[in-house]
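Structural characterization, general
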Amino acid sequence: MRLPKAKTLLPLLFAAVMLSRCGCDFFGTTGALFVSEADEEKLGKSFDSTLTNSDSIKAKGEYPVFAAKSADSLALQKYVQDLGQELLKAVPADDRPDYAFHFTLIDKNVINAFAVPGGYVYIYTGIIKNMKDESELAGVMGHEIAHVTNHHYRDAMAKDGAMSLLLQVLLGNDSGKLAQMVGQTFYGLAGLKVSRDNEAEADFYGTKYSGSTGRNPLGIAKFFGRMPKDGLAAMLSTHPASESRVADVQAEVAKSTSLTALANDSANTNFASRFQQFTAVLKK
Ligand SMILES: [Zn+2]
């Protein structure tokens with residue numbers, strides 16, 4: 001669905017800002033709908049440019065982009081990007097934003113993945129190193145894609161004190177000023193925390209998307225179930241989990257005959273050997 005251009009909605013937007021002060025959560029839900037996909041894309045692009053190019057961000061070394069220089073590392077990067085595009089095809093057309101998605105590896109031993117509005121998804125090499133097969137990677141990537149397609153990060157931004165940035169995106173055509181503001185709020189955007197309800201929704205859709213590609217839909221539950229909680233500290237700081245998260249995914253899969261059949265298919269190897277082959281470069 002195409003949303004009306006935000007500028008035509010300014011009076012409503014400011015009403016939303018005023019309402020948000022009364023604690024009735026207008027902006028975080030209905031109000032955030034005034035941010036169009038084009039606005040999300042503009043914001044995501046600016047964030048990605050900062051992550052990739054900013055000298056001060058690079059100097060801190062928190063988001064080092066994976067340097068695909070050797071044939072093996074190029075193959076791993078392409079493998080992750082291709083899996084992302086395959087998962088996107090599983091998203092129903094009506095739910096898929098118009099913008100392109102970008103999947104970037106962050107070369108750091110952190111067990112996390114995150115995204116920002118506009119289809120920019122980042123996966124740490126540290127999370128991949130702890131996975132056993134493609135169903136686990138597809139589960140986590142499907143989960144991140146679902147956060148974007150359901151606009152969770154945009155809504156989190158509206159609730160998370162990044163209102164001024166949101167307004168800048170809506171009001172401004174000055175890309176230089178937007179880049180400056182993204183620079184100022186970079187860590188806030190990278191660490192946007194979604195709600196537990198959003199987490200459950202991302203698990204639900206991510207499980208469906210990865211199941212639609214033929215991988216075991218319990219991949220994400222398998223991964224989370226195996227990891228000790230302290231190992232998942234980074235992931236849980238941006239993706240808060242309910243105690244029953246694994247059980248909830250299992251219950252959703254149990255409701256679907258086709259997903260249950262996939263989960264129980266012992267002949268389905270979830271491309272474990274291919275996964276090990278492509279990711280071996282991370283263990284060198
Ligand atoms: Zn999440």
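Cut-offs used in this document
Here the residue numbers are simple positions, counted from 1 along each chain's written sequence. Residue-level local features of this predicted model are given only where pLDDT is at least 70; pairs of side-chain atoms are given and counted only at 80 or more, and the full residue set underlies all totals for whole chains, interfaces and linings. Here, any two strands with at least 2 DSSP bridges between them count as paired. Helical segments are the DSSP runs of H or I of at least four residues, strand segments are the runs of E of at least two, and each set is numbered from the N terminus. Throughout, an axis means a line fitted to C-alpha atoms (over the contacting stretch in the case of helices), and angles, computed between N-to-C directions, take values from 0 to 180 degrees. Working definition of a contact: two residues with C-beta atoms, positioned from the backbone, lying within 7 Å. The nonpolar core is taken to be a set of buried Ala, Val, Leu, Ile, Met, Phe, Trp, Tyr and Cys residues joined by way of C-beta atoms within 7 Å. Labels follow a simple rule on C-beta atoms placed from the backbone: if 20 or more others lie within 10 Å of a residue's own, it is buried; if 12 or fewer, it is exposed; otherwise it is partly exposed. Note: pLDDT gives the predictor's confidence per residue, expressed from 0 to 100. Each angle receives one of four descriptions, namely roughly parallel if under 35 degrees, roughly antiparallel if over 145, roughly perpendicular if within 65 to 115, and oblique otherwise. Crossings are assigned a handedness: left-handed for a near helix turned anticlockwise from the far helix by less than a right angle, right-handed for a clockwise turn. Residues were grouped as follows: Ala, Val, Leu, Ile, Met, Phe, Trp, Tyr, Cys and Pro as nonpolar; Asp, Glu, Lys and Arg as charged; and all remaining residues, including Gly, as polar. Expected helix span is computed as 1.5 Å times (number of residues minus one).

**Regarding the sheet that holds strand E3 (residues 120-124)**
Reading across from one edge, E1-E3-E2 is the order of the three strands in this open sheet, with mixed pairing throughout. This sheet does not close on itself; its edge strands, each paired only once, are strand E1 (102-106) and strand E2 (113-116). Averaged over all neighbouring strand pairs, the angle between strand axes comes to 20 degrees, with direction disregarded. Pairing of E1 with E3, which is carried by five bridges, proceeds in the parallel orientation. The residue of E3 that forms the bridge with Leu 105 is Ile 123. Set on the sheet, helix H4 (residues 71-89) makes contact with E1 and E3; between it and E1 the angle comes to about 140 degrees.

**Some points on the nonpolar core**
Counting residues in hydrophobic clusters, the biggest one holds 61 residues, and the most contacted among them are Val 121, Ile 123, Met 141 and Ile 145. Per-element accounting of this core gives the leading share, seven residues, to helix H6 (residues 134-149). Dropping the residues within four chain positions of it, Val 121 is found in contact with Gly 84, Phe 101, His 102, Phe 103, Ala 115, Met 141, Glu 144, Ile 145 and Val 148.

**Notes on the confidence of the model for the chain**
When pLDDT is averaged across the chain, the result is 86; 83% of the residues are at 70 or more. Here residues 1-28 is a poorly scored stretch, pLDDT under 50, and it has 30 contacts once near neighbours within four places are set aside; other chains count.

**Brief notes about the environment of Ile 128**
Checked against the element boundaries, Ile 128 lands in helix H5 (residues 125-129). Note on Ile 128: 20 C-beta atoms within 10 Å, which makes it buried. In sequence terms Ile 128 and Leu 105 are 23 residues apart; their C-alpha atoms lie 9.7 Å from each other.

**Topic: the pairing of E2**
The alternating pattern of E2 places Ala 113 and Ala 115 and Phe 114 and Val 116 on opposite faces, both of which are buried. Here four bridges tie E2 to E3, and the two strands are oriented antiparallel to one another. Note on E3: the bridge partner recorded for Ala 115 is Val 121.

**As for the packing of H6 against helix H11 (residues 196-212)**
For any two helices packed against each other, the geometry is given by the interaxial angle and the distance between the axes. Running from N to C, H6 and H11 point in directions that differ by 125 degrees, and their axes come no closer than 7 Å. It follows that H6 is oblique to H11 by the angle criterion. For the crossing formed where H6 meets H11, the hand is right-handed. Contacts between H6 and H11 involve Ser 135, Ala 138, Gly 139, Gly 142, His 143, Ile 145, Ala 146 and His 147 on the former and, on the latter, Asn 198, Glu 201, Ala 202, Asp 203, Tyr 205, Gly 206, Thr 207, Tyr 209 and Ser 210. Classifying every residue of the contact of H6 with H11 gives six nonpolar, nine polar and two charged.

**Some thoughts on H6**
The end-to-end C-alpha distance of H6 is 22 Å, a good match for the 22 Å that 16 residues give at a rise of 1.5 Å each. Among the 16 residues of H6, 16 are classified as buried, and the element is accordingly described as predominantly covered. One or two positions beyond H6, positive phi appears at His 151, with a value near 60 degrees.

**What to know about the environment of Gly 214**
Within the fold, Gly 214 resides in the loop between H11 and helix H12 (219-226). In the structure, Gly 214 is positioned 49 residues away from Ala 263 in sequence and 9.6 Å away in space, judged by C-alpha atoms.

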